[in-house]
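# Overview (structure and organization)
One letter stands for each residue in the lines below.
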Amino acid sequence: MKLLQVDLKDRSYPIYIGPDLLQNADLLTGHIRASQVLVVTNETIAPLYLETIKNSLHGFQVETVILPDGEQYKTLAYVEKIFDQLLRAKFSRNATLVALGGGVIGDMGGFAAACYQRGIDFIQIPTTLLAQVDSSVGGKTGVNHPLGKNMIGAFYQPKCVIAATDVLKTLDDRQLSAGLAEVIKYGLIRDLPFFEWLEQNISALISRDDEAMAYAIERSCQNKAEVVAEDEFEAGVRATLNLGHTFGHAIETGMGYGHYLHGEAVAIGTCFAADLSRRLGWLNDADVDRILNLFRAAKLPVDPPEMMTTEQYLDLMAVDKKNVDGKIRLILLEALGKATLPINIETSILKETLDSYAGK
Ligand code: NAD
Ligand code: GLY
């Protein structure tokens, strides 16, 4: 087992990474301070892993909420179902919420934990690659609104993250690739040697080589933990984790939640950001080709949806948490392995990128 730490003073917490961690009851119960535990999961994950978690929680008062599966259910209405269950079971403020699932369940469970009685403990047990390398670490929680992705939420850190690598064996190939988009992101924004390692090892990852996968998860979590420790509330460098996300979120919202996987939309969005960075003279054609080739090798899309127009992108990108005074700000690449902080971009240059991509 690998052990990393997210360093946030009195709210610091461990990330455990390794096989068979769901069976390790002490790991989980060691982070639970009272008897009431609510496990939040979904209807796909419950038949696979809920029983194992319940076995680890023998002797606790365990309640469960099993939500429908999908990004389209990441809404306030479904978070309310978690509150209903917490209240029905008369859970107190010293209760713990365990989020067992991918990023959707982690974001919703964390948000419910942040709100219930103004905050109860919560534990992340991420079961997708994307959740293990990104969403379970760092305390961003929340839900979508029909007018904007992740626009309702809270920063709320978990007590620990338990990333059991063996659960990825039941994840389908498309979801695995979606997770790789966020893995590649770390290389692009701040870790050129990792980007180069990914170029060499992408086929091992696609074929689920255990050693390569464990290394990619650990290195990604290390990168994320460092960024979060430096800038928990996204006053600066944390925004670089949003490379490709402004375009990506526009695609997710514009196409309807659930059409593209989050990681797929991020991959396409990163290609937009790379194109814009090339237009600004920061990347050359060869750099952009390396990015596109790595996404392609990870079996991720690089071409945008045909039906979205430049005007639609601009409209949707105007609703983004990085914007200031209603102005679109973007994370771009100054070089491979070096992201910019959020910057205002001349609308004319942004339009050049959008025009050359939109409706392609
Ligand atoms: P997801 O949670 O929808 O999971 C993807 C699919 O895999 C679902 O159908 C799920 O039921 C299934 N699944 C999960 N684990 C499985 C397993 N082990 N075996 C078989 N099937 C399994 O999607 P995701 O990609 O994990 O997360 C995407 C979400 O995360 C988005 O809502 C995105 O906004 C959010 N996100 C949040 C952060 C953050 O910092 N909080 C960062 C990145 C993404
Ligand atoms: N996934 C972006 C962040 O955690 O800041």
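Just above, that's the structure.
Heads up: these notes are all about the structure in this document. The structure displayed is predicted, hence computed values, not measured ones.

## A short note on the nonpolar core
Counting residues in hydrophobic clusters, the biggest one holds 76 residues, and the most contacted among them are Leu-129, Phe-247, Ile-251, Ile-291, Tyr-313, Leu-330 and Leu-350. With residues up to four places along the chain from it excluded, the contact list for Leu-129 reads Leu-168, Leu-171, Leu-176, Gly-179, Leu-180, Met-213 and Ile-217. Formed by 22 residues, the second largest nonpolar core is a distinct cluster that contains Val-37, Val-39, Leu-100 and Ile-125.

## As for the packing of aromatic side chains
Across all of its chains, the model carries 8 aromatic pairs by this definition. Both rings, one in Phe-155 and one in Phe-233, keep their centres 5.2 Å apart while their planes meet at 90°; by these two values the pair is edge-to-face. With Phe-155 in strand β8 (residues 148-155) and Phe-233 in the loop between α8 (210-230) and α9 (245-255), this pair connects stretches of sequence that are 78 residues apart. With a centroid separation of 5.9 Å and 25° between ring planes, the pair formed by Phe-194 and Trp-197 is classed as stacked. One end of the pair is Phe-194 and the other is Trp-197, both in helix α7 (residues 192-206) and 3 residues apart, which spans about a single turn. Assessed through its relative accessible area of 21%, Trp-197 is described here as partly exposed. An aromatic cluster is defined as three or more aromatic residues linked by ring pairs; in this entry it consists of Phe-194, Trp-197 and Tyr-215. The positively charged end of Lys-81 is found above the aromatic ring belonging to Tyr-78, 5.6 Å away from the centroid. Geometry around Tyr-186 places Lys-185 over its ring, the cationic atom sitting 5.1 Å from the centre.

## Comments concerning the site of ligand 1
Ligand 1 sits among 27 residues. The nearest are Asp-69, Thr-127, Thr-128, Lys-149 and Thr-170. Here Asp-69 contributes a side-chain N or O atom positioned 2.7 Å from an oxygen atom of ligand 1. For ligand 1, the accessible surface in isolation is 860 Å², of which the surrounding protein chains cover 90%. Those elements giving two or more residues to the shell around ligand 1 turn out to be α2 (46-56), α4 (103-115), α5 (129-135), β8 and α6 (173-190). For the shell around ligand 1, the class distribution of residues is 7 nonpolar, 11 polar and 9 charged.

## Focus: the site of ligand 2
In the vicinity of ligand 2, the contacting residues are Asp-134, Lys-140, Lys-224, Glu-234, Arg-238 and Leu-241. The contact in question runs from a nitrogen atom of ligand 2 to an N or O atom on the side chain of Asp-134, over 3.2 Å. Lys-224 places a polar side-chain atom, nitrogen or oxygen, 2.5 Å from an oxygen atom of ligand 2. Across the complex, the protein chains shield 89% of the 200 Å² of accessible surface that ligand 2 would expose by itself. In terms of residue class, the shell around ligand 2 is made up of 1 nonpolar, no polar and 5 charged.

## Considering the environment of Gly-102
Looking at the element boundaries, Gly-102 is found in the loop between β5 (96-101) and α4. Look at Gly-102 and you get buried, because its relative accessible area is 11%.

## Digging into the sheet that holds strand β9 (residues 160-164)
What the 7 strands build is an open sheet, ordered β1-β2-β9-β6-β5-β3-β4; its pairing is mixed. Edge positions in the sheet fall to β1 (2-6) and β4 (61-67), since each has one partner strand and no second. On average, each strand axis in the sheet is inclined to that of its neighbour by 20°, with strand direction left out of account. Pairing of strand β2 (residues 13-18) with β9 involves 4 bridges; the strand directions are parallel.

## Concerning empty space enclosed by the protein
Taken as a whole and judged by the stated rule, the model has 2 cavities of 30 Å³ or more. One number sums up the size of the largest cavity: a volume of about 90 Å³. Element by element, the count of residues in the lining of the largest cavity is highest for α9, at 4 residues. Looking at the lining of the largest cavity, its residues break down into 6 nonpolar, 4 polar and 3 charged. Considered as a void within the structure, the second largest cavity measures approximately 40 Å³ in volume. Forming the walls of the second largest cavity are Leu-21, Leu-22, Asn-24, Leu-28, Ile-53, Ser-56, Ile-125 and Ile-162.

## What to know about the pairing of strand β3 (residues 36-42)
Of all 7 residues in β3, 7 are buried, a share of seventy percent or more. Neither face of β3 is left uncovered, since the one carrying Gln-36, Leu-38, Val-40 and Asn-42 and the one carrying Val-37, Val-39 and Thr-41 both have all their residues buried. Pairing of β3 with β4, which is carried by 7 bridges, proceeds in the parallel orientation. Bridge assignment links Val-39 to a residue of β4, and that residue is Thr-64.

## A look at the layout of surface pockets
One number sums up the size of the second largest pocket: a volume of about 230 Å³. Lining the second largest pocket are Pro-19, Thr-165, Asp-166, Leu-168, Lys-169, Arg-208, Asp-209, Asp-210, Glu-211, Met-213 and Ala-214. Among the residues forming the lining of the second largest pocket, the class breakdown is 4 nonpolar, 1 polar and 6 charged.

## Some points on the side chain of Gln-157
One can find Gln-157 in the loop between β8 and β9. For Gln-157, a relative accessible area of 10% corresponds to the buried category. At 2.6 Å, the side chain of Gln-157 and the side chain of Tyr-13 are in polar contact. A polar side-chain atom of Gln-157 sits 3.1 Å from a polar atom in the side chain of Glu-232. Setting aside residues no more than four positions away along its own chain, Gln-157 makes contact with Leu-8, Arg-11, Tyr-13, Phe-122, Gly-138, Gly-139, Val-228 and Glu-232.

About the thresholds
- Residues numbered from 1 in each chain as written.
- Chains lettered and ligands numbered in written order.
- Predicted model: local features only at pLDDT ≥ 70, side-chain atom pairs only at ≥ 80, totals over all residues.
- Heavy atoms only, no water.
- Core = buried A, V, L, I, M, F, W, Y, C linked by side-chain atoms within 4.5 Å.
- Buried < 20%, exposed > 50% of the residue type's maximum accessible area, 1.4 Å probe, protein only.
- Contact = heavy atoms within 4.5 Å.
- Phe/Tyr/Trp six-rings, centres within 6.5 Å; stacked < 30°, edge-to-face > 60°.
- Helix = DSSP H or I, 4+ residues; strand = E, 2+ residues; numbered from the N terminus.
- Lys NZ or Arg CZ within 6 Å of the ring centre and 35° of its normal.
- Near = heavy atom within 4 Å.
- Polar contact = N/O pair within 3.5 Å; in protein donor to acceptor, adjacent residues only side chain to side chain.
- Areas by Shrake-Rupley, 256 points an atom, 1.4 Å probe, with all protein chains shown as cover.
- Nonpolar A, V, L, I, M, F, W, Y, C, P; charged D, E, K, R; others polar.
- Pairing = 2+ DSSP bridges.
- Axes fitted to C-alpha atoms, helices over the stretch in contact; angles between N-to-C directions.
- 1 Å grid on protein atoms, 1.4 Å probe; cavity = no way out; pocket = protein on both sides within 12 Å on 5 of 7 lines; lining within 4 Å.
- Points joined across faces, edges and corners; volume = space filled by probe spheres on them.

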